[in-house]
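Summary of the model geometry
Residue strings, one per chain:
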Amino acid sequence: MELFIVGDKMKKFNLYYNGKKLRSIKGIDDTSEGILHVIEKNYILSKFWWVHVLIFDIILGFIGSTYVENKLEPILSFDIEYKNIVPEKFLIDVNSEAITIRGVREYQINNKLIEVHPLAKKRIENKKRLVITISFSILAIIFAIILLTSLFN
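The present account deals with the structure reproduced in this document. (Residues numbered from 1 in each chain as written. Predicted model: local features only at pLDDT ≥ 70, side-chain atom pairs only at ≥ 80, totals over all residues. Heavy atoms only, no water.)

A word on the overall build of the protein
Looking only at helices and strands, the protein features 2 helices and 8 strands. If you list the helices and strands of the protein from N to C, you get β-β-β-β-α-β-β-β-β-α. Counting over 153 residues, the protein shows a buried share of 28%. Sequence-distant contacts in the protein: of pairs separated by 6 or more residues, those separated by 24 or more amount to 65%. A total of about 10,500 Å² of accessible surface is found on the protein, and carbon and sulfur atoms cover 59% of it. (Helix = DSSP H or I, 4+ residues; strand = E, 2+ residues; numbered from the N terminus. Buried < 20%, exposed > 50% of the residue type's maximum accessible area, 1.4 Å probe, protein only. Contact = heavy atoms within 4.5 Å. Areas by Shrake-Rupley, 256 points an atom, 1.4 Å probe, with all protein chains shown as cover.)

Here we look at the side chain of S77
Within the element layout of this structure, S77 appears in strand β5 (residues 75-85). S77 has contacts with H37, V38, I39, N111, K112 and L113, leaving out every residue within four places of it along the chain.

Things to note about the pattern of salt bridges
Scanning the model with the defined rule gives 1 salt bridge in all. Where D93 meets R102, a salt bridge forms, and the shortest distance between an N and an O atom there is 3.7 Å. Looking at R102, the relative accessible area reads 41%, which means it is partly exposed. (Salt bridge = Lys/Arg side-chain N within 4 Å of Asp/Glu carboxyl O.)

Written as structure tokens, this is what we have:
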């Protein structure tokens, strides 16, 4: 589930229940009590991060956009222990001061972390290698096509 959280900045978050990503808050089996894991959304942590790199950094890079160096920005993650959640009224409000949850009778926020995800570090390093390798490969293919067409004409 992708949550738009009210607060200082409009950020997107992914919501996990029992280790599985939720598409809707209504996907929670036990609304009486449980634990939800909330992670700030970042494309570099998704399954198809390489498609984003291929389209935006490589293909559009040849058209004229510029390659932007990714900064390792810390992301927010936390657990919500809840009791009696009301899916229709569920809302998370993240401010610089506090995190408030609505639509839950009782909750407790645990394991609040603001850190650079280790997988993000690894993927950003791999992104640099991927962009350079594919860009040189595309240039080599274009050069080879031009060379072959000039030889056979």
